[in-house]
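Notes for the structure review
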Amino acid sequence: MNKKWSTMELSKMALLVALMCVSAYIVIPLPFSPVPLTAQTLMVNLIAFLLSPLEAVLTIVVYLLLGLVGLPVFSGGMGGPAKLFGPTGGYLFAWIFAVWAMSYFKGKQYHFFRYSLTAMLAGMSITYAVGSLYMYLTTGMSVEAVLAAAVIPFVPLDIAKCFLAAFLAKPIRAVLYQTGAMKY
């Protein structure tokens, strides 16, 4: 691979990394779950909708590396290997695969329902599958307990975030096309 990114493409990826970091601070802790409600899933969807599959994966990897080295970029202002490899770390790692799949399957042209379905079917499925499997393996919780604590309570709001990200993607893409940060 000999891909060279333009300054505009790198700036777009860096901005999305920064927004991903900020979204981790929009947190609603849940007393019954180790997984808080955050704006991160909204940002994961937007990253996939605004970038190519490779750019989306690299954006998430950079975000995870920032957290791994200890910067407080994970939910609730946490950072470090303990958070990344802790019980909820599987959800963070899942985003690598989820953004690739969503970005790949979203298509070349914007379409609200295709974006929404891609986020729900690919993004949510991959995130929930990898994240809950990782939580199951690292905590010893039963499958039912993992689903009750880290999947079922989040489904309705995550579906809403998929629709919101699909809605927001259109005007953001339009601005990016106007500035030359995206090409037709």
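Just above sits the structure.
In this convention, every chain numbers its residues from 1, walking through the sequence in written order. Local features are withheld for residues below a pLDDT of 70 in this predicted model, meaning they are given only at 70 or higher, and side-chain atom pairs are given and counted only at 80 or more; totals for whole chains, interfaces and linings count all residues. Only heavy atoms go into the side-chain values, all of them from the structure, while hydrogens and water stay out.

**Section: the nonpolar core**
- Residue types Ala, Val, Leu, Ile, Met, Phe, Trp, Tyr and Cys, when buried and joined through side-chain atoms within 4.5 Å, form a set referred to as a nonpolar core. Partly exposed describes any residue whose relative accessible area lies between the buried limit of under 20% and the exposed limit of over 50%, with all areas from a 1.4 Å probe on protein chains only and scaled to the type maximum. Met20, Ile47, Ile60, Tyr63, Leu64, Val99 and Met102 are the most contacted members of the largest nonpolar core, which has 50 residues in total.
- Only DSSP runs of H or I with at least four residues qualify as helices, and only runs of E with at least two residues qualify as strands; both kinds are numbered from the N terminus onward. Among the elements of the structure, helix H1 (7-23), helix H2 (40-50), helix H3 (53-68), helix H5 (89-105), helix H6 (112-139), helix H7 (143-150) and helix H8 (155-179) are those that each provide at least two residues to this core.

**Quick look at the side chain of Thr41**
- Of note, Thr41 is situated in helix H2.
- By relative accessible area, which is 18% here, Thr41 ends up buried.
- Any two residues whose heavy atoms approach within 4.5 Å at even a single point are treated as in contact. With near-sequence residues (within four places) excluded, Thr41 lies in contact with Asp158 and Lys161.

**A closer look at H8**
- By definition here, a helix of n residues has an expected span of 1.5 Å times n minus one. Look at H8: 35 Å from first C-alpha to last across 25 residues, which is about the 36 Å you get at 1.5 Å a residue.
- Across the chain, bend at a residue is computed as the angle between axes fitted to the seven residues ending at that point and the seven starting from it. Ala169 marks the point of greatest bend in H8, at about 30°, and the proline Pro171 comes within the next four residues.
- For H8, the full list of buried residues reads Asp158, Lys161, Cys162, Ala165, Ala166, Ala169, Arg173, Leu176 and Tyr177.

**A few points about the packing of aromatic side chains**
- Aromatic pairs are defined between Phe, Tyr and Trp rings, using the six-membered ring for Trp, whenever the two ring centres lie within 6.5 Å; interplanar angles under 30 degrees are classed as stacked, those over 60 as edge-to-face, and all others as tilted. Evaluated as defined, the whole model comprises 9 aromatic pairs.
- Ring centres of Tyr63 and Trp95 lie 6.5 Å apart, and the angle between their planes is 40°; on these two criteria the pair is classed as tilted. With Tyr63 in helix H3 and Trp95 in helix H5, this residue pair connects regions lying 32 residues apart in the sequence.
- The exposure class assigned to Tyr63 is buried, which follows from its relative accessible area of 0%.
- Geometrically, the ring pair formed by Phe112 and Phe163 is stacked, given 6.0 Å between the ring centres and 25° between the ring planes. Of the two residues, Phe112 is situated in helix H6 and Phe163 in helix H8; the sequence distance between them amounts to 51 residues.

**A word on a nonpolar patch on the surface**
- Patch definition: residues above 30% relative accessible area lacking any salt bridge, with like charges linked at up to 9 Å and the nonpolar side chains Val, Leu, Ile, Met, Phe, Trp and Tyr linked at up to 5 Å. What sets the accessible areas is the Shrake-Rupley method with a 1.4 Å probe; for residues, cover comes only from the shown protein chains. Salt bridges are defined as contacts in which a side-chain nitrogen from Lys or Arg sits within 4 Å of a carboxyl oxygen from Asp or Glu. Taken together, the side chains of Leu133, Tyr136, Leu137, Val143, Leu147 and Ile152 make up a nonpolar region of the molecular surface, amounting to roughly 570 Å² of accessible area.
- Among the elements of the structure, H6 and H7 are those that each provide at least two residues to the nonpolar patch.
- Looking at the nonpolar patch element by element, the count peaks at 3 residues for H6.
- Relative to the elements of secondary structure, Leu137 occurs in helix H6.
- Assessed through its relative accessible area of 61%, Leu137 is described here as exposed.

**Things to note about the packing of H1 against H2**
- Note on geometry: axes are C-alpha line fits, over the in-contact stretch for helices, and angles between N-to-C directions span 0 to 180 degrees. Between H1 and H2, the least distance of the axes is 9 Å, while the angle of their chain directions is 165°. Here H1 is positioned roughly antiparallel relative to H2, judged by the angle of their axes. Where H1 crosses over H2, the two elements pack in a sense that is right-handed. Within the contact between the two elements, H1 uses Lys12, Leu16, Leu19, Met20 and Ser23 and H2 uses Gln40, Met43, Val44, Ile47 and Leu50. When describing relative orientation, an angle under 35 degrees is termed roughly parallel and one over 145 degrees roughly antiparallel, while 65 to 115 degrees is termed roughly perpendicular and anything else oblique. Should the near helix be turned anticlockwise from the far one by less than a right angle, the crossing is termed left-handed; should it be turned clockwise, right-handed.

**Regarding the pattern of salt bridges**
- Applying the stated criterion across every chain yields a total of 1 salt bridge.
- Residues Lys161 and Asp158 are paired through a salt bridge, measuring 3.6 Å at the closest nitrogen-oxygen approach. Of the two residues, Lys161 and Asp158 are both situated in helix H8; the distance of 3 residues between them amounts to about one turn of the helix. The exposure classification of Lys161 matches that of Asp158, with both residues buried.

**A closer look at the packing of H3 against H5**
- Between H3 and H5, whose axes approach to 8 Å, the crossing angle comes to 165°. Considering their axes alone, H3 and H5 lie roughly antiparallel with respect to each other. Note that H3 runs across H5; the crossing there is right-handed. Across from Pro53, Ala56, Val57, Ile60, Val61, Tyr63 and Leu64 in H3, the residues of H5 making contact are Leu92, Phe93, Trp95, Ile96, Val99, Trp100, Ser103 and Tyr104.

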